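# A structural walkthrough
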Amino acid sequence: MTLVVLVALAAFAAGCSRNRPPPIEGRSAQDIYLDAEALLADNQPRDAAEMFDEVERLYPYSEWAKRAMLMSAYAYHEGSLYAESRAAADRYLAFYPADADAPYAQFLIALSYYDQIVDIGRDQANTFEALQEMRDIIERYPDSDFAASAQMKFELALDHLAGKEMEVGRFYLGRGHYTAAINRFRVVVEEYQTTTHTPEALHRLVEAYLSLGLTAEAQTAAAILGHNFRGSEWYADSYALLQGKGLRPANVGDGWLNRTYRQVVLGKWR
């Protein structure tokens with residue numbers, strides 16, 4: 001190899017050495033943190049999260065580590081790594097439970113479940129977890145900036161669960177399994193009565209009870225529906241079904257729907 005080539009290779013190697021970033025262990029917490037922020041701004045959330053983790057690893061208990069821990073939770077969430085996001089947020093809450101940013105850490109945990117809620121035809125474990133976490137935010141941090149958003153998402157998750165019950169109930173109803181269908185619609189009326197699915201649930205109860213020849217229950221379900229949702233299409237359909245059998249909405253009989261009628265319509269809880 002000629003002397004010229006050797007000199008050129010040496011110069012190239014020296015240039016590479018100068019351009020190579022220093023080992024991360026030799027960099028300041030601020031530099032690493034700022035590089036992580038740059039990665040996040042460049043739409044590389046997973047790489048950013050790992051860089052934020054390096055701040056915590058190399059400079060534990062520092063102010064930069066505290067900030068990086070929370071940003072790591074956020075970046076992992078942006079990268080759809082929800083378990084990692086929860087772990088980082090949990091660490092933050094373990095170290096700084098009374099910090100001003102604790103509600104945000106709790107909110108990230110709730111979001112890690114909420115953003116995984118899938119269609120109503122799938123398992124609803126994440127929905128239940130999201131409900132619990134959102135409730136924790138509402139109860140523990142009622143004056144925080146995240147309470148209102150948590151309340152809204154809580155109601156949407158609740159509506160999602162009610163939709164699951166309705167889907168199964170309609171399946172049973174369509175196949176003539178009326179008792180099984182009634183059990184599903186009852187859950188909606190009793191446990192998810194503030195959701196958008198309640199009017200339909202009451203109407204489906206009218207359908208199912210009439211199919212079983214249980215007219216008193218059908219009349220009572222229609223009476224509750226008429227009191228709360230008189231202008232809805234569901235009440236119009238229920239009224240037509242009863243009228244076709246010479247019946248009308250009324251609180252008659254003595255079953256679970258009568259108790260619901262006394263509570264919801266008459267305001268009597270005893």
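These notes cover the structure that comes with them. (Residues numbered from 1 in each chain as written. Predicted model: local features only at pLDDT ≥ 70, side-chain atom pairs only at ≥ 80, totals over all residues. Heavy atoms only, no water.)

## Examining the packing of aromatic side chains
What the rule picks out here adds up to nine aromatic pairs. The interplanar angle of 50 degrees and the centroid separation of 5.2 Å between the aromatic rings of Tyr92 and Tyr96 together place this pair among those described as tilted. Accessibility classification places Tyr92 together with Tyr96 in one group, the buried group. With a centroid separation of 6.0 Å and 55 degrees between ring planes, the pair formed by Tyr235 and Tyr239 is classed as tilted. With Tyr235 and Tyr239 both in helix H12 (residues 233–243), this residue pair falls four residues apart, about one helical turn. Following the ring pairs from residue to residue traces out a cluster consisting of Tyr61, Tyr92, Phe95 and Tyr96. The lysine or arginine in question, Arg67, covers the ring of Tyr33, its NZ or CZ lying 5.1 Å from the ring centre. (Phe/Tyr/Trp six-rings, centres within 6.5 Å; stacked < 30°, edge-to-face > 60°. Buried < 20%, exposed > 50% of the residue type's maximum accessible area, 1.4 Å probe, protein only. Helix = DSSP H or I, 4+ residues; strand = E, 2+ residues; numbered from the N terminus. Lys NZ or Arg CZ within 6 Å of the ring centre and 35° of its normal.)

## What to know about the packing of helix H10 (residues 198–211) against helix H11 (residues 215–229)
Interaxial distance between H10 and H11 falls to 8 Å at its minimum, and their mutual angle equals 160 degrees. The orientation of H10 relative to H11 falls into the category roughly antiparallel. Helix-helix and strand crossings are classified by hand; for H10 and H11 the assignment is left-handed. Across the interface between the two elements, Thr198, Pro199, Leu202, His203, Leu205, Val206, Tyr209 and Leu210 of H10 pack against Thr215, Glu217, Ala218, Ala221, Ala222, Ile224, Leu225 and Phe229 of H11. Taken together, the residues of the contact of H10 with H11 break down into 12 nonpolar, three polar and one charged. (Axes fitted to C-alpha atoms, helices over the stretch in contact; angles between N-to-C directions. Parallel < 35°, antiparallel > 145°, perpendicular 65-115°, else oblique. Left-handed = near helix turned anticlockwise from the far one by under 90°. Contact = heavy atoms within 4.5 Å. Nonpolar A, V, L, I, M, F, W, Y, C, P; charged D, E, K, R; others polar.)

## Things to note about the nonpolar core
The biggest cluster of nonpolar side chains holds 54 residues, and the ones touching the most others in it are Met134, Phe185, Leu205, Val206, Tyr209 and Leu257. Per-element tally for this core: the top contributor is helix H6 (residues 102–114), with nine residues. Setting aside residues up to four positions removed in sequence, Leu257 forms contacts with Leu205, Tyr209, Glu217, Thr220, Ala221 and Ile224. Residues Ala29, Val55, Ala75 and Tyr76 belong to the second largest nonpolar core, which totals 13 residues. (Core = buried A, V, L, I, M, F, W, Y, C linked by side-chain atoms within 4.5 Å.)

## Structural notes on the pattern of salt bridges
A full pass over the atoms with the stated rule returns 12 salt bridges. The closest approach of N and O atoms between Arg27 and Asp35, which form a salt bridge, is 2.0 Å. Taking relative accessible area as the criterion, Arg27 reaches 16% and is therefore assigned buried. The partner of Asp53 in a salt bridge is Arg91, and the shortest N-O contact between them spans 3.9 Å. A residue pair is termed long-range when its members are at least 10 positions apart, and Asp53 in helix H3 (residues 45–58) and Arg91 in helix H5 (residues 82–95) qualify at 38 residues. (Salt bridge = Lys/Arg side-chain N within 4 Å of Asp/Glu carboxyl O.)

## Comments concerning the packing of helix H8 (residues 147–174) against helix H9 (residues 178–191)
The relative placement of two packed helices is expressed as an angle between their axes plus a distance between the axes. Packing of H8 against H9 leaves a shortest axis separation of 8 Å and a crossing angle of 160 degrees. With respect to H9, the axis of H8 lies roughly antiparallel. Handedness of the H8/H9 crossing: left-handed. Contacts between H8 and H9 involve Ala162, Glu165, Met166, Val168, Gly169, Arg170, Tyr172 and Leu173 from the former and Tyr178, Ala180, Ala181, Arg184, Phe185, Val187 and Val188 from the latter. Residues belonging to the contact of H8 with H9 are distributed by class as follows: 11 nonpolar, one polar and three charged.

## Section: H10
Taking 1.5 Å as the rise per residue, H10 with 14 residues should run 20 Å; its terminal C-alpha atoms sit 20 Å apart, in good agreement. Counting buried positions along H10 yields 12 of 14 residues, so the element is predominantly enclosed. Within two residues after H10, Gly213 carries a phi angle of roughly 80 degrees, on the positive side. (Expected span 1.5 Å × (residues − 1).)

Any functional reading would require information beyond the geometric quantities listed.
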